[in-house]
Amino acid sequence: MATYAIGDVQGCFDELQALLARLEFDAQRDRLWFVGDLVNRGPKSLEVLRFVRDLGARAVIVLGNHDLHLVCVFEGYEKLRKGDTLTPVLDAPDARELVDWLRTRPMMHVAQNYAMVHAGLLPQWTIAMAGTLASEVERALAAPNYGEFLAHLYGAAPDRWDEALTGWDRLRVLVNAMTRMRFCTREGRMNVRAKGREAPHGYLPWFDARPAREEPPIVCGHWSTLGLRLTSRLAAIDTGCVWGGSLTALRLDDRVLMQMPCVPHRRPGRD
């Protein structure tokens, strides 16, 4: 039995299938961890969603910003944006079942001495604390009145964590850190708009802002312009499949890396 962490798929179903074939993935034996952003930008988000959902307990996915965007669009709280490729999902006869399944995926997953989140964690949060905070968002997304949360989900403020935060502001900070952040200060002030490799003045890559702690390494995606980054504390595995990079699998049992070259489905201008 092996456990593979898979980078941002973003609707690249054919490349995912080719990678799994190269891994000799056995759905009866192996497990897959997906770092989020199963959908959007690539051509086959519907096929990806159906495939991963049908894996059942053999697959774990944490929510990414594109996944939440799909949920918000489907529920009528956001509109499709230029470059979105979500229409086949929205028009599918099983769209409600797929979106409800996606909406109730975790924000964070901790197991096998790894922690997985889509974007990052703020420096003030230990892994244990972040897991507790992630569950607050998960409960809001699974609640009967989840639409109220979706209506208040978007925005860049507040831009820093404060334990005294309550309500939608508190949940929005958690979502922004875990699904949108690339840069922050050591004090935890986020910049969720910067997308390149170079940090804005006064900011650091979020993983460099975190203090050294005895804790599991973090597996993440979201940052295609950063590319592959493997250290003792970090496995950043968004290698830009949808942009013509590669789709990456990291075998967590022994950190063996496997990659599938991808044809570009989008022009450069990465998000």
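Residues numbered from 1 in each chain as written. Predicted model: local features only at pLDDT ≥ 70, side-chain atom pairs only at ≥ 80, totals over all residues. Heavy atoms only, no water.

### With respect to the side chain of Glu 75
Along the chain, Glu 75 falls in the loop between helix 3 (65-74) and helix 4 (87-91). Of note is the side chain of Glu 75, whose polar atom sits 2.7 Å from the side chain of Arg 96. Here Tyr 146 takes part through its side chain, which lies 2.8 Å from a polar atom of the side chain of Glu 75. Apart from the residues within four sequence positions on either side, Glu 75 is in contact with Arg 96, Val 99, Asp 100, Tyr 146 and Leu 150. (Helix = DSSP H or I, 4+ residues; strand = E, 2+ residues; numbered from the N terminus. Polar contact = N/O pair within 3.5 Å; in protein donor to acceptor, adjacent residues only side chain to side chain. Contact = heavy atoms within 4.5 Å.)

### A short note on the side chain of Glu 15
Inspection of the secondary structure puts Glu 15 in helix 1 (residues 13-23). Salt bridges are absent for the buried Glu 15, whose nearest opposite-charge side chain, Lys 44, sits at 7.7 Å. One polar contact links Glu 15 to His 265, side chain to side chain, over a distance of 2.9 Å. (Buried < 20%, exposed > 50% of the residue type's maximum accessible area, 1.4 Å probe, protein only. Lys, Arg positive; Asp, Glu negative; His and termini not counted. Salt bridge = Lys/Arg side-chain N within 4 Å of Asp/Glu carboxyl O.)

### Regarding a nonpolar patch on the surface
There is a patch of nonpolar side chains on the surface, built from Leu 228, Leu 230 and Leu 257 and spanning about 200 Å² of accessible area. Tracing the backbone shows Leu 228 in the loop between strand 9 (218-220) and strand 10 (229-230). (Patch = residues over 30% accessible without salt bridge, like charges linked within 9 Å, V, L, I, M, F, W, Y side chains within 5 Å. Areas by Shrake-Rupley, 256 points an atom, 1.4 Å probe, with all protein chains shown as cover.)

### Looking at the sheet that holds strand 6 (residues 183-184)
In space, the three strands of this open sheet follow the order 7-6-8, with antiparallel pairing throughout. Of all the strands in the sheet, just strand 7 (190-191) and strand 8 (204-205) have a single pairing partner and so form its edges. Examined bridge by bridge, strand 6 and strand 8 share two bridges and lie antiparallel to one another. Paired with Phe 183 across the two strands is Pro 205, which belongs to strand 8. (Pairing = 2+ DSSP bridges.)

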